[in-house]
Amino acid sequence: MAIRRPNYSRKTEIVHGTDRGRSEAGDLVPPIHMTSAFEFKNADHGAALFAGEKDGYIYTRIANPTVGRMEAKIARLEKCAAAVATGSGMAAIAAVALTLAKPGDNFVASTTLYGGTFNLFTQRLRNFGIEARLVPPEKANSRQAITSRIDARTRFLFMETPANPTLDIIDIAVWADAARTHNAACIVDNTFATPYLQNPATLGADIVVHSATKYIGGHADVIGGVITGSREMMSRIREEYLHSFGPVMSPFNAWLFLRGLKTLAIRMEKHCENARQVADWLQSQRVVRKVYYPGLATHPNHQVAKTQMRAFGGMLAFEVKGGIQAGKTIMDKVRLCRLAVSLGDCETLIQHPASMTHSTYSRSERLEAGINDGLIRLSVGIENPVDIESDLEGAFKQI
Ligand SMILES: *Cc1c(COP(=O)(O)O)cnc(C)c1O
């Protein structure tokens, strides 16, 4: 049973969640409902659940109490009415795209995207007769560039901000307004910012997607995704996509996400503080040509970032002099920073987008998206930032 509570601040809500209902045993932490099906009280009860006349659980692909708690918490943090959890971030994005678009339809997306999303958009969806119309980064904040790509068969607009891996910032309100005018849905991948730093729905976005694998989990131990939006849209995605295609989140994973979420606020504050410090330090390094971090006044969209984000996040990228070879040397010589894709974990992760996460792009597509050969991406962890800097400094000396 949900208990009515006053509205607490975001930080308190992140710790306590939205539902303090007491379980039968009085567990302080929600139990894991690790069950495939739920037993009906009798034949009439089962029939009433199937007919939708009674609330209750039937089967975990349809709904599960632990997964439901995770969904409710994300919906609340994103200031949306409802959420749908999925088995991965890619499953969340595919669910939204394939629910909204049918063969012959198209959508507009920013070019600088997570590598898997780019592959889904430009390769897989094409096999379903759904066309991606890409907006290059230098035009991503131009309303004209967006609307010129929209026609009567445009079902949605999709963007990532901050974008992976260049940390480009896109003005969400501009895209949301263009979408509304043309009767399309505005979708934002909010993985990099997290609901703690940015709430796209308050800027007009209709649907927000996350790879929960990253900051929401926060500990590099679980894969999952989540979609949030209106109650009507979430029911549609659940019924038209999840029930039939089946990429649901495991109750155990939902429990891990609820566990990770409790520390989202303090983790994000430390990630932001460390990233800022490392970005400043990188700017003073002789071997560094350019630093990409939305918190720097030199970032081309710093002002937009300032208005739509509460702080600038824990992700940054930089280019070193000496191109790909120098980049490889750095990745081979760091000792503290871990050479791995993924992001948003407690430990600092380093990777080379051109050969790793963005190898799904052709070289020309990649350069068009602003991802140079020598670009290095850093997911700044929550360690003492001085140790991150001295680790990088040691590697820089080997170039
Ligand atoms: C990781 C990531 C995804 C994909 O999520 P998975 O959980 O790996 O499927 C999508 N978008 C962004 C921005 C990501 O970082």
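Residues numbered from 1 in each chain as written. Predicted model: local features only at pLDDT ≥ 70, side-chain atom pairs only at ≥ 80, totals over all residues. Heavy atoms only, no water.

## Quick word on the nonpolar core
M70, I227, L282, L316, F318, L392 and F396 are the most contacted members of the largest nonpolar core, which totals 98 residues. Sort the elements by how many residues they give to this core and helix α11 (residues 264-283) lands first, with 9 residues. Two domains share this core, each providing at least three of its residues, namely domain 1 (10-261) and domain 2 (264-396). When near neighbours in sequence (up to four residues on either side) are disregarded, L282 contacts V288, V291, L316, F318, L392 and F396. (Core = buried A, V, L, I, M, F, W, Y, C linked by side-chain atoms within 4.5 Å. Buried < 20%, exposed > 50% of the residue type's maximum accessible area, 1.4 Å probe, protein only. Helix = DSSP H or I, 4+ residues; strand = E, 2+ residues; numbered from the N terminus. Domains from an automatic or database assignment. Contact = heavy atoms within 4.5 Å.)

## Quick word on the site of the ligand
In the vicinity of the ligand lie 14 residues, with G89, D189, S211, T213 and K214 positioned nearest. Here G89 contributes a backbone N or O atom positioned 2.8 Å from an oxygen atom of the ligand. Interatomic distance of 2.7 Å between a side-chain N/O atom of K214 and an oxygen atom of the ligand. Bound to the protein, the ligand loses 94% of the 380 Å² it would expose on its own. (Near = heavy atom within 4 Å. Polar contact = N/O pair within 3.5 Å; in protein donor to acceptor, adjacent residues only side chain to side chain. Areas by Shrake-Rupley, 256 points an atom, 1.4 Å probe, with all protein chains shown as cover.)

## Concerning the packing of aromatic side chains
Per the counting criterion, the structure on display carries 10 aromatic pairs. Clustering of aromatic rings is evident, with ring pairs tying together F107, F121, F156 and F158. (Phe/Tyr/Trp six-rings, centres within 6.5 Å; stacked < 30°, edge-to-face > 60°.)

## Overview of the pattern of salt bridges
Scanning all chains against the criterion turns up 15 salt bridges. As a salt-bridge pair, R153 and D105 come within 2.8 Å of each other at their nearest N and O atoms. Here R153 is found in the loop between α6 (143-147) and β4 (154-160), whereas its partner D105 is found in the loop between α4 (89-100) and β2 (106-110), with 48 residues between them in sequence. Two residues, E240 and R236, come together in a salt bridge whose shortest N-O distance is 3.1 Å. In this pair, E240 and R236 are both assigned in helix α9 (residues 231-245), 4 residues apart and thus about one turn of the helix distant. Taking relative accessible area as the criterion, R236 reaches 33% and is therefore assigned partly exposed. Three or more residues joined by partner-sharing salt bridges are found here, namely D105, R153 and R155. (Salt bridge = Lys/Arg side-chain N within 4 Å of Asp/Glu carboxyl O.)

## What about the packing of α4 against helix α5 (residues 115-127)?
Here α4 crosses α5 at 35°, and the two axes come no closer than 10 Å. α5 is crossed by α4, and the crossing has right-handed handedness. Residues M90, I93, A94, A97 and L98 of α4 form the contact with α5, whose own contacting residues are G116, T117, L120, F121 and L125. When grouped by side-chain class, the residues that make up the contact of α4 with α5 number 8 nonpolar, 2 polar and no charged. (Axes fitted to C-alpha atoms, helices over the stretch in contact; angles between N-to-C directions. Left-handed = near helix turned anticlockwise from the far one by under 90°. Nonpolar A, V, L, I, M, F, W, Y, C, P; charged D, E, K, R; others polar.)

## Some details on the sheet that holds strand β3 (residues 131-135)
Pairing within the open sheet is mixed, and its 7 strands lie in the order β1-β7-β6-β5-β4-β2-β3. Strands with a single pairing partner mark the edges of an open sheet, and in this sheet they are β1 (82-86) and β3. If you compare each strand with its neighbour and ignore which way they point, the axes differ by 20° on average. Pairing geometry for strand β6 (residues 207-211) and strand β7 (residues 225-229), over 4 bridges, is antiparallel. (Pairing = 2+ DSSP bridges.)

## Regarding the side chain of T348
Its place among the elements puts T348 in the loop between β10 (338-339) and β11 (349-351). On the basis of relative accessible area, T348 is assigned to the buried category, the value being 0%. Looking at T348, its side chain comes within polar contact range of the main-chain nitrogen of G381, at 2.8 Å. Other than its neighbours up to four places away in sequence, T348 contacts L336, C337, R338, L378, S379, V380, G381, E383 and I388.

## Let's talk about the sheet that holds β10
By definition, the strands of a sheet pair up through backbone hydrogen bonds, in either a parallel or an antiparallel sense. Here we have 5 strands laid out as an open sheet, ordered β8-β9-β12-β11-β10, and mixed in their pairing. Each end of this open sheet is capped by a strand with a single partner; those strands are β8 (288-292) and β10. Packing against the sheet, helix α13 (residues 323-333) makes contact with β9 (315-320), β10, β11 and β12 (375-379), and its axis sits at approximately 125° to β9.

## Section: helix α3 (residues 65-77)
Taking 1.5 Å of rise per residue, the 13 residues of α3 would be expected to cover 18 Å, and the 18 Å separating its terminal C-alpha atoms lies within 8% of that figure. Elements in contact with the buried residues of α3: α1 (10-16), β1, α8 (194-197), β7, α9 and α10 (251-261). The N-capping residue of α3, defined by a side-chain oxygen 2.9 Å from the backbone nitrogen of T66, is N64. Residue K79 follows α3 closely and has a positive phi angle near 55°. (Expected span 1.5 Å × (residues − 1).)

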